[in-house]
Amino acid sequence: PLVPPDLRNPLKTTTYGVGELILDAIEKGCRKFIIGLGGSATNDAGIGMLQALGFRFLTKENEEVGLGGQSLAKVEAIHQDQVHSLLNECTFQVACDVNNPLFGKNGAAYIYGPQKGATLEMVQELDKGLEHFAGVVKRELNLEIHSLEGAGAAGGLGAAFLGFLHAELQSGINLVLDVAGLEEQLQGADFVLTGEGMLDGQTSMGKAPMGVAQLAAKHGIPVIALAGGINQNQFSLNENGMTACFSIVNAPMSLEEAMVADTTFGNLRFTTNQLFRLIKIVKA
């Protein structure tokens, strides 16, 4: 979302910054990491992150391949002699709710590349690069990263964490709810409010609002979901623990307008205010 649509290009975007964040945390004494995969602008199989951590990816001329998805097809050798010395002391829990393989018709490039700005030609180039890279990793390190469940998450960043950093892949919502201690926070609550941009069939497939609803239902607490939009086709959230759902968009407007921060804030405040006015009357 931080990259303007006309500048989105997964051939150039890189996960290098993720590696910089990890390095900074290591220098500050962190050894246990929780990584959330999703919403990325990248398709570089995580080599940017790995480059920041000291892994070296070289061409057949023994030169650095550079950054971005466009570099994957150039990789012919992988060197680990400069990897950060404290990395082997670190553990990584990866929150991920997709199971896409690294490449292929269900892989990172074909499924998620277009929303990151890739044309069909770019998707094909990226997919070939991902396949080539996986082959080099298998040849050089004897690591099979393609078919790992979640390898294609965040443009292949999942493959880098699972293969190179030996991460543990977990359901995103379960991991976050556990770390946040939400079940303890629910004690004594009268209502739980949750939300999402669009409530639809995907919501019931392990996304955050459903996880919150199921945990609240365990304690008999009503759950109210507020969303930008609600897709009523095959709607089953009420049967799966969601007490009631409401759209906060109260007048016709474009998606762009609805996503302006001030507009969203105003819509959320107004809808919540009206909702609890009604609840107050009913409870009285």
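You'll find the structure just up there.
Note that the structure is predicted; figures quoted are calculated from it, not measured.

Rules used in this analysis
Residues numbered from 1 in each chain as written. Predicted model: local features only at pLDDT ≥ 70, side-chain atom pairs only at ≥ 80, totals over all residues. Heavy atoms only, no water. Helix = DSSP H or I, 4+ residues; strand = E, 2+ residues; numbered from the N terminus. Buried < 20%, exposed > 50% of the residue type's maximum accessible area, 1.4 Å probe, protein only. Contact = heavy atoms within 4.5 Å. Phe/Tyr/Trp six-rings, centres within 6.5 Å; stacked < 30°, edge-to-face > 60°.

Caption draft 1: Highlighting the overall build of the chain. Of the regular secondary structure elements, the chain holds ten helices and eight strands. Each of the three principal axes of the chain carries a C-alpha extent, and together these read 75 × 40 × 30 Å. Each of the 284 residues in the chain was classed as buried or not, and the buried ones make up 41%. A sequence separation of at least 24 residues applies to 70% of the contacts in the chain between residues at least 6 apart.

Caption draft 2: How the structure looks around the packing of aromatic side chains. Scanning all chains against the criterion turns up seven aromatic pairs. Summarising the aromatic geometry, the rings of F57 and F164 are spaced 6.3 Å apart at their centres and angled 70° between planes, so their arrangement reads as edge-to-face. With F57 in strand β2 (residues 56–58) and F164 in helix α5 (residues 157–164), the pair connects residues that are 107 residues apart, well separated along the chain. You can call F164 buried: its relative accessible area is 8%. A ring pair is formed by F191 and F276, whose centres lie 5.7 Å apart and whose planes are at 90°; its orientation type is edge-to-face. Residue F191 is located in the loop between α7 (182–185) and β6 (192–199), and its partner F276 is located in helix α10 (residues 261–283); the two are separated by 85 residues in the primary sequence. Under the relative-accessibility criterion, F191 is labelled partly exposed at 28%. Chaining the aromatic ring pairs together yields one cluster made of F55, F57, F133 and F164.

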